[in-house]
Amino acid sequence: MSEGTRLENANPVIFQRSGERVQTASEEDEDVHDPIDDREIFDILSINDPEHPLSLEELNVVEQVRVKVNDAENTVGVEFTPTIPHCSMATLIGLSIKVKLLRSLPDRFKIDVCITPGTHASEEAVNKQLADKERVAAALENASLLEVVNQCLSTRSI
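Residues numbered from 1 in each chain as written. Predicted model: local features only at pLDDT ≥ 70, side-chain atom pairs only at ≥ 80, totals over all residues. Heavy atoms only, no water.

- The name an unreviewed UniProt entry assigns to the protein chain is Cytosolic iron-sulfur assembly component 2B, from the organism Oreochromis niloticus.
- Taken directly from UniProt, the Sequence similarities (unreviewed entry) text for the protein chain runs: "Belongs to the MIP18 family." (UniProt positions renumbered as here; feature names shortened; annotations may be inferred.)

1. Description of the pairing of strand β1 (residues 67-70)
Note on strand geometry: in a regular strand, side chains alternate between the two faces of the sheet.
Next up, step 1: With burial as the criterion, only one face of β1 is covered, namely that bearing V67 and V69; the residues K68 and N70 on the opposite face remain uncovered.
Next up, step 2: The pairing of β1 with strand β2 (residues 75-80) spans 4 bridges and is antiparallel. Within β2, the position partnered with K68 by the bridge is G77.
Next up, step 3: The turn linking β1 back onto β2 is made up of 4 residues, and N74 within it adopts a positive phi angle of 60°. (Buried < 20%, exposed > 50% of the residue type's maximum accessible area, 1.4 Å probe, protein only. Helix = DSSP H or I, 4+ residues; strand = E, 2+ residues; numbered from the N terminus. Pairing = 2+ DSSP bridges.)

2. Here's the deal with helix α6 (residues 143-153)
Next up, step 1: Turning to α6, its buried residues number three or more, namely V149, C152 and L153. All buried residues of α6 fall inside an arc of 95° around its axis, so they share one side. Within α6, the exposed residues directed more than 90 degrees away from the buried face are A143 and S144.
Next up, step 2: If you follow the buried residues of α6, they end up packed against α3 (90-104).
Next up, step 3: The opening residue of α6 is N142, an N-cap whose side-chain oxygen sits 2.9 Å from the backbone nitrogen of S144. (Arc of directions from axis to C-beta. Contact = heavy atoms within 4.5 Å. Polar contact = N/O pair within 3.5 Å; in protein donor to acceptor, adjacent residues only side chain to side chain.)

3. Some words on the pattern of salt bridges
When their charged atoms lie close together, side chains carrying opposite charge are able to pair.
Next up, step 1: Overall, the coordinates contain 5 salt bridges when judged by the stated rule.
Next up, step 2: Of the charged contacts, one joins D71 and R108 as a salt bridge, the two residues approaching to 2.9 Å between their closest N and O atoms. You can see D71 sitting in the loop between β1 and β2 and its partner R108 sitting in the loop between α3 and β3 (110-115), a full 37 residues away along the chain.
Next up, step 3: Accessibility expressed as a relative area gives 40% for R108, which makes it partly exposed.
Next up, step 4: When the shortest N-O distance is used, the salt bridge between D132 and R135 registers 3.9 Å.
Next up, step 5: On the accessibility criterion, D132 (26% relative accessible area) is partly exposed.
Next up, step 6: Several salt bridges share partner residues, and in doing so they unite E63, R66 and E79 into one network. (Salt bridge = Lys/Arg side-chain N within 4 Å of Asp/Glu carboxyl O.)

4. Section: the sheet that holds β1
Next up, step 1: If you trace the 3 strands from one edge of the open sheet to the other, you get β1-β2-β3, paired in mixed fashion. In the strand order of this sheet, the two ends are held by β1 and β3, each with one partner. For this sheet the average axis-to-axis angle between neighbouring strands, irrespective of direction, equals 10°.
Next up, step 2: Contacting β2 and β3, α3 crosses the sheet at an angle of about 160° to β3.
Next up, step 3: Strands in contact with helix α4 (residues 123-131) are β2 and β3; relative to β3, the strand with the most contacts, it is inclined by about 160°. (Axes fitted to C-alpha atoms, helices over the stretch in contact; angles between N-to-C directions.)

This is how it looks when you write it as C-alpha cells:
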C-alpha cells in the first residue's frame, strides 16, 4: 500500500489464527479414501488481505463455520464477511478466495463464494459477479488484477 493511500478500515479488529490441524494416520494414508471436509477447505484459505499485512482469517473475513463442503455432491461453499459494510475490496477478496479454491481443488467441485448475508452494502452485485464464470474468467485475463490476486495468494512470513 502506498504511503499516500488512505485505508478504508485503518484500525481493523485482529483475531487469533486457528491452531494447526493435527492429521490422523488415516488422513496421511494415500490408500484410504479421505473426503474433503470444512476444515480442509478452511486451511486452504490462507489468503492475505489486499489492504493490511494480515490474513483474511486474522480479520475474521473467513471463518471455518462459513465453509460448507459436500464431498459426495462435489460442492464447496464459502461465505466471507468484509470488515466494513462499504468495503471496496469485497469483490477482490471474493475473487481471491475463488481463485485459491479453483487452483487447489479437483475440477469435480462446483465452487460458490459469496458475501455473508447482510454484511455488505453491495452484497447482491458482488455475489452476482462472483457467480458469473465469464466475469471471473475476464477478470483473470486482466494482468494487473491477476497480479493483485496473486499477491493476496502469495505466502507471507508471519
